[in-house]
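Coordinate analysis (summary)
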Amino acid sequence: MDEHGNDYIGTVFVLPESRCFELKTTIRGEPATVTGTISQQLAAKFEDHGRDGIDPRQVALAPRRVQVVTREIHERHRASRTVHCLTRVYDLEDLGAAKPVPVATI
């Protein structure tokens, strides 16, 4: 198993209930979509959005700088696979203080 972390800038959509994410970014100049799971620590911040946590709807409003850990899993007698895990959104502290945007204005 090979593991490495990458920083990306792009629009990230999160589903805290299922701990999934989708990141729209560019890789080597080409548009790309990275999907995977959210780390347990980051998911806890999204679940507590009612009290000093992060509202997941606010994350997708602007491009964000994120850290994604990529694992390349090599198993005997199986095809190799790549798994992504969102571990950090760098400017989440700004979102905690942000006021929610009414749905009618989006």
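Basis of the calculations
Residues numbered from 1 in each chain as written. Predicted model: local features only at pLDDT ≥ 70, side-chain atom pairs only at ≥ 80, totals over all residues. Heavy atoms only, no water. Salt bridge = Lys/Arg side-chain N within 4 Å of Asp/Glu carboxyl O. Helix = DSSP H or I, 4+ residues; strand = E, 2+ residues; numbered from the N terminus. Buried < 20%, exposed > 50% of the residue type's maximum accessible area, 1.4 Å probe, protein only. Pairing = 2+ DSSP bridges.

All chains considered together, the criterion is met by 4 salt bridges. Asp-7 is the partner of Arg-65 in a salt bridge, and the nearest nitrogen-oxygen pair spans 3.4 Å. Of the two residues, Arg-65 is situated in strand 4 (residues 64-73) and Asp-7 in strand 1 (residues 2-15); the sequence distance between them amounts to 58 residues. Its relative accessible area of 40% is what places Arg-65 among the partly exposed residues. The partner of Lys-24 in a salt bridge is Glu-22, and the shortest N-O contact between them spans 3.4 Å. Lys-24 sits in the partly exposed class, given a relative accessible area of 40%.

All right, on to the pairing of strand 5 (residues 81-89) then. Relative to strand 5, strand 3 (residues 30-38) is paired through 2 bridges, and the arrangement is parallel. Note that in strand 5 the partner of Thr-37 across the bridge is Cys-85. Looking at chain direction, strand 4 and strand 5 are connected through 8 bridges and run antiparallel. Paired with Val-69 across the bridge in strand 5 is Cys-85.

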